[in-house]
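# Commentary on secondary and tertiary structure
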Amino acid sequence: MDNKQITNLQKAVREFGSPLYIYDASKIQENYKQFTEAFKVEKLKVHYACKALNNLTILRLFKAMGSGLDCVSIQEVQLGLTAGFSPDDILFTPNNISTEEYEEAIKLGVKINVDNLITLEYVGMNHPNLPVYIRVNPHLMAGGNQKISVGHIDSKFGISIHQIPHVERIAKKFNINVMGVHVHTGSDILDPEIFIKAAELVFSVVEKFDSVTHIDFGSGFKVAYKEGDLHTDISSFGKKFSQSFNDFCEKQKRQYTLEFEPGKYMVSNAGYFVARTNVVKQTTSCTFIGLDTGFNHFIRPMFYNAHHEIENISNPTGDKKIYNVVGYVCETDSFALDRIIPEVRKGDLLLFRNAGAYCATMASNYNSRPRPAEALIHEGKLHLIRRRETLEDILATQVEVEIEF
Ligand SMILES: *Cc1c(COP(=O)(O)O)cnc(C)c1O
């Protein structure tokens, strides 16, 4: 982090308070460009997975770059429409939702991705001619963390590849227009080869439906959280993958649209989380840094055991020391143990890297704490894009009743 960046971040905290999420628009633009340029195919469409970071300003940035949206709830669909996306550019990929929610999405005109056979029958019966995607579960184990691998045999996501004959039967019976085949093998794929394997399985499904025009390979692109981490080399992956995709198009004598729905890849490294040191506490065995935040604002370290790099932007050149960085929630909430950081003093601002994806969107009001503000740096200018919550926001949904206790 250079001095100018540090000055900018400190200025943001002075203006908008701490803790604070800060996003760098130019990084998102760079990621999007790198991603789309990696694939050498005739037709490519990216649907940004907005559950990673759903601020309206960020969604508008994606729209301006030509991206579509991948939404997993009707509320995300509504956010997307509010941000100005056309329904055509929104793919609705939910899991285990009610029929009513599907109906709402169909009414809004977004593209529907069907996750199970019952829903496929329902759609066939009630919405003949509606073009749909089908989500296929190829049963490939992707990544090491049970919580974030969604393709393996016990996964709740998608229609099993072994049930494709049923899909065929239902599609035929109701004359369903299967416009897309979708697979999302899960986050944190360590081995890009898994995509190529998944692709072959998906191609074998595509071959069975003449109506298919779009093939969506979801996401799972891995980013580096610290130096030396394995990550997806997008340009070499894109080259390899485009080759096998183009071969398939050639074999089928038609041009499919290649689709992806990256979330983390687009925004993870574009986000910073900055918090202030409330307490530096020396015990007999270690030193705790107590921050003005906790897992209510930033849960990935506790929830996924995720590593986030931490910098002391108030004392970047200080002597390095070993710390346990913890939160203020009344539960054990450790951001990092035995972490080497330039000396931290009361009041110092600590910066967490890779705080763009699945950080602000996972924040809660636990301990009755308001959620942090969000800011965007765009062309050198600082913008507040979500104000800090207040106690009034927390009270807003509570209903006072007249009960004599
Ligand atoms: C979460 C999700 C994504 C994005 O995954 P990342 O690992 O953040 O890129 C894409 N598609 C679907 C269906 C998802 O649920």
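Please read all numbers here as calculations on a predicted model, not as lab measurements.

Turning to the overall build of the protein, a few remarks are in order. Of regular secondary structure, the protein possesses 12 helices and 18 strands. Against the globule reference of 22 Å for 405 residues, the protein gives a C-alpha radius of gyration of 23 Å, in line with a compact fold. Burial status across the protein gives 54% buried among its 405 residues. Put simply, of all contacts in the protein between residues at least 6 apart along the chain, 68% involve residues at least 24 apart. Carbon together with sulfur atoms contributes 50% to the accessible area of the protein, which is approximately 19,000 Å² in total. Of note, the protein has its 44 positive side-chain charges centred 3 Å away from the centre of its 49 negative side-chain charges.

Here we come to the environment of E250. Within the secondary structure layout, E250 lies in helix α9 (residues 234-252). On the basis of relative accessible area, E250 is assigned to the exposed category, the value being 62%. In the structure, E250 is positioned 151 residues away from V401 in sequence and 67 Å away in space, judged by C-alpha atoms.

Okay, the side chain of S242 next. Locating S242 in the fold gives a position in helix α9. Residue S242 is classed as buried on the basis of its relative accessible area, which comes to 2%. Within the local environment of S242, its side chain forms a polar contact with the backbone oxygen of G238, the two atoms lying 2.5 Å apart. Non-local contacts of S242, meaning those with residues more than four positions away in its chain, are made with A38, F39, K40 and V41.

Turning our attention to the state of the cysteines. Counted according to the given criterion, the structure contains 0 disulfides. We note that C71 lacks a disulfide partner, and the nearest cysteine sulfur, in C50, lies 4.0 Å from it. Considering cysteine sulfurs only, C286 is the nearest to C330, which forms no disulfide, with 18 Å between them.

With respect to the secondary-structure elements, D292 resides in the loop between β12 (287-291) and α11 (300-303). A polar contact is formed between the side chain of D292 and the side chain of S18, at a distance of 2.6 Å. Within the local environment of D292, its side chain forms a polar contact with the backbone nitrogen of R276, the two atoms lying 2.8 Å apart. Not counting residues within four places of it along the chain, the set of residues in contact with D292 comprises S18, P19, A275, R276, N278 and Y328.

The subject of this paragraph is helix α1 (residues 3-16). An ideal rise of 1.5 Å per residue puts 20 Å on 14 residues; α1 measures up with 20 Å between its terminal C-alpha atoms. Within α1, the full set of buried residues consists of I6, L9, A12, V13 and F16. Buried residues of α1, viewed axially, fall in a sector of 120 degrees; they line one side. For α1, the exposed residues set more than 90 degrees away from the buried face come down to N3, K4 and R14. Considering only its buried residues, α1 is in contact with β1 (20-24), β11 (271-282), β16 (349-352), β17 (373-378) and β18 (381-386). G17 sits one or two residues past α1 and shows a positive phi near 85 degrees.

Let us look at a nonpolar patch on the surface. The grouping of V399, V401, I403 and F405 at the surface amounts to a nonpolar patch, some 510 Å² of accessible area in total. Positionally, V401 belongs in the segment after α12 (391-395). By relative accessible area, V401 is classed as exposed at 53%.

Another aspect to go through is the domain arrangement of the protein. Partitioning the protein into structural domains gives domain 1 (3-20 + 268-395) and domain 2 (25-265). The gap between the C-alpha centroids of domain 1 and domain 2 is 32 Å. Facing 23 residues of domain 1, the contacting portion of domain 2 comprises 19 residues. Buried surface at the junction of domain 1 and domain 2, both sides included, amounts to about 2,000 Å², of which 53% is carbon and sulfur.

Conventions we followed
- Within every chain, residues take consecutive numbers counted from 1 along the sequence as written.
- Only residues with pLDDT of at least 70 are given local features in this predicted model, and only at 80 or more are side-chain atom pairs given and counted; all residues enter the totals for whole chains, interfaces and linings.
- With hydrogens and water set aside, each side-chain value is computed from the structure's full complement of heavy atoms.
- Numbering of helices and strands starts at the N terminus; helices are DSSP runs of H or I of at least 4 residues and strands are runs of E of at least 2.
- Each radius of gyration reported is based on C-alpha atoms, and the globular scaling rule is 2.2 Å times the count of residues to the power 0.38.
- Throughout, exposure labels follow a simple rule: accessible area from a 1.4 Å probe, protein chains only, divided by the maximum for the residue type, with under 20% read as buried, over 50% as exposed, and the rest as partly exposed.
- Between two residues, a contact is recorded if the distance between any of their heavy atoms is within 4.5 Å.
- Each accessible area value is a Shrake-Rupley result obtained with a 1.4 Å probe; residue values ignore everything except the protein chains displayed when judging cover.
- Charge counting follows a simple rule: Lys and Arg are positive, Asp and Glu are negative, and His as well as the terminal groups are ignored.
- Where a charge lies is defined by one atom per residue type: Lys uses NZ, Arg uses CZ, Asp uses CG and Glu uses CD.
- Any N or O atom pair separated by 3.5 Å or less is treated as a polar contact, with the protein-specific requirement of one donor-capable and one acceptor-capable atom, and with residues adjacent in sequence counted only for side-chain atom pairs.
- Our working definition of a disulfide is a cysteine sulfur pair at a distance within 2.5 Å.
- Helix span is expected to be 1.5 Å times the residue number reduced by one.
- Of all possible arcs, the one meant is that of the directions from the helix axis to the C-beta atoms.
- Patch members must show over 30% relative accessible area and no salt bridge, and they are joined within 9 Å when carrying like charges or within 5 Å when they are nonpolar side chains of Val, Leu, Ile, Met, Phe, Trp or Tyr.
- The rule for a salt bridge is simple: a side-chain nitrogen of Lys or Arg has to be within 4 Å of a carboxyl oxygen of Asp or Glu.
- Start and end points for every domain follow an automatic or database-based domain assignment.
- In short, buried area is how much 1.4 Å probe accessible area vanishes from two parts on joining, totalled over both.

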